Every structure is written in structure tokens, then in C-alpha cells.
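Coordinate inspection notes
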Amino acid sequence: MSTLERTLGLIKPDAVRAGKSREIMQLAELSGFQLLAKKTLQLSQERAEEFYAEHQGKPFFPGLVGFMTSGPLYAMVLGREDAVKSWRGLMGPTNSLTAREQQPTCLRALYGTNGTQNATHGSDSSASANREIAFFFPELQPDALEGPEATATY
Ligand code: RTP
Ligand code: MG
């Protein structure tokens, strides 16, 4: 029996700028992912730093934050069996230059530029997926229905 798993996918600012968002979403759907939710948004420096908090202090961190705030991105909730692992497989290696050598048909080979500007993001575990979906789609969380406002309404 197959169970639906959810992961958080991003189409990063380089791929959005290059006009590849629709193509990437179509490839995702052709690869068996359901596009359960999507939105376009611009990250502030603070939000980008929070999203990539695990990389604070690394040499590439300032460049990463600068890149992720350089323009609008797409955030997507992707559903599929084994979604976390499957989406990372479709993206391919982190560095787009390596990706072109090792997996020429993966998303990062097709749409990315280098080690930082690599077109897409995907959660690295089910726990990360839950956290990252809540980060970009707080309105989808069951908790959003609780709290004083909701209680007062009913
Ligand atoms: P992501 O989180 O974006 O899905 O990528 P990942 O797991 O494959 O790679 P991770 O190690 O989490 O790195 C996060 C993002 O930081 C940028 N990066 N630049 N120049 C560099 O050496 C370097 N290393 C990482 C990339 O944008 C990478 O996706
Ligand atoms: Mg990562």
C-alpha cells in the first residue's frame, strides 16, 4: 500500500528569473508529484537567515542569503509516495556543475548555474518537511484553526 508523503520544494530566484517555474512544476507533475499548494513570495534577509539557520557561520552563508533574497521564489507543497527522497532525487546533486556531469537530466543540471545558484530546494527529511511547510504555509497547519480567535468564533 502506498502512502502520500509531503515535502517542501522551492524554485529558487535564478530559475524564476530564467522563466523556468512552469516547466519545473510540469516536470514535477510528470514525475508523479501532486502540487498540493504553491505560492510566490520574496524572502527578507531575516526570513532567509532563519530558513537556512543550520548553515549560519559557513563560508557560503552570506552568498546563499544574498541569492535567496535576490528575487521572488516559488514555494510548493509536493505530495507523492516517498516524496522527500524522490524530490531530492529529481533535483540531483547540490552543485549544478557536478549535477551536469553526474545526472544531466536532473533539475539542478537543467536549470541551475553553480554551487549556490542551483534552481531548486527540497527538504532533507520528513521532520524538515513538516517544519519547512509550516514556515512557508502557516495557513495550512491544523494549529492555525486553534487559538483564541477560533474559540471566540464558535
Ligand atoms: P537545499 O537545502 O537548498 O535543498 O540544498 P542541499 O540540501 O542539497 O544543500 P545544503 O548543504 O543544505 O546547502 C543549502 C544550499 O546552500 C547553497 N550552497 N552553496 N557554494 C557552496 O559551497 C554552497 N554549498 C551550499 C546551495 O544553494 C544549497 O542548495
Ligand atoms: Mg539542505
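Since this is a predicted model, take the numbers as computed values, not measurements.

Secondary structure summary: the protein chain contains 9 helices and 4 strands in total. Beginning at the N terminus, the succession of helices and strands in the protein chain can be written as β-α-α-β-α-α-β-α-α-α-β-α-α. For the protein chain, the C-alpha radius of gyration of 16 Å lies close to 15 Å, the compact-globule estimate for 154 residues. Viewed in the frame of its principal axes, the protein chain has a C-alpha envelope of about 55 × 40 × 25 Å. Every one of the 154 residues in the protein chain was classed for burial, and the buried ones make up 34%.

Confidence along the protein chain averages 93 in pLDDT terms, with 91% of residues attaining 70 or more. Ignoring residues within four places in sequence, the model shows residues 149-154, a span with pLDDT below 50, making 1 contact including any to other chains. Reported confidence for the predicted complex is 0.94 by ipTM and 0.91 by pTM.

Close contacts around ligand 1 come from His55, Phe60, Leu64, Thr94, Gly115, Thr116, Asn118, His121, Gly122 and Asp124, and that covers them all. Residue classes in the shell around ligand 1 are distributed as 2 nonpolar, 7 polar and 1 charged.

Within this structure's numbering, the places UniProt gives as "active site" (unreviewed entry) are His121. Not counting the four nearest positions on each side in its chain, histidine 121 is found in contact with Gly9, Leu10 and Lys12.

The buried count for strand E3 (residues 73-81) comes to 7 of 9 residues, which makes it a mostly enclosed element. Where strand E1 (residues 4-11) and E3 come together, 8 bridges link them in antiparallel fashion. Considered in E3, the bridge of leucine 10 is made with alanine 75. As paired strands, strand E2 (residues 34-41) and E3 are joined by 7 bridges and run antiparallel to one another. Paired with alanine 37 across the bridge in E3 is valine 77.

Here the focus is unusual backbone geometry. Of note in the backbone geometry, aspartate 82 takes a positive phi value of approximately 55° without being a glycine. Positionally, aspartate 82 belongs in the loop between E3 and helix H5 (83-91). A positive phi angle is found at alanine 119, which is not glycine, with a value near 70°. Mapped onto the secondary structure, alanine 119 falls in the loop between helix H7 (107-111) and strand E4 (120-122).

Reading the values: rules and limits
- Residues numbered from 1 in each chain as written.
- Chains lettered and ligands numbered in written order.
- Predicted model: local features only at pLDDT ≥ 70, side-chain atom pairs only at ≥ 80, totals over all residues.
- Helix = DSSP H or I, 4+ residues; strand = E, 2+ residues; numbered from the N terminus.
- Rg over C-alpha atoms; globule rule 2.2 N^0.38 Å.
- Buried ≥ 20, exposed ≤ 12 C-beta atoms within 10 Å, placed from the backbone.
- pLDDT = per-residue confidence, 0-100.
- Contact = placed C-beta atoms within 7 Å.
- Near = placed C-beta within 6 Å.
- Nonpolar A, V, L, I, M, F, W, Y, C, P; charged D, E, K, R; others polar.
- UniProt positions renumbered as here; feature names shortened; annotations may be inferred.
- Pairing = 2+ DSSP bridges.

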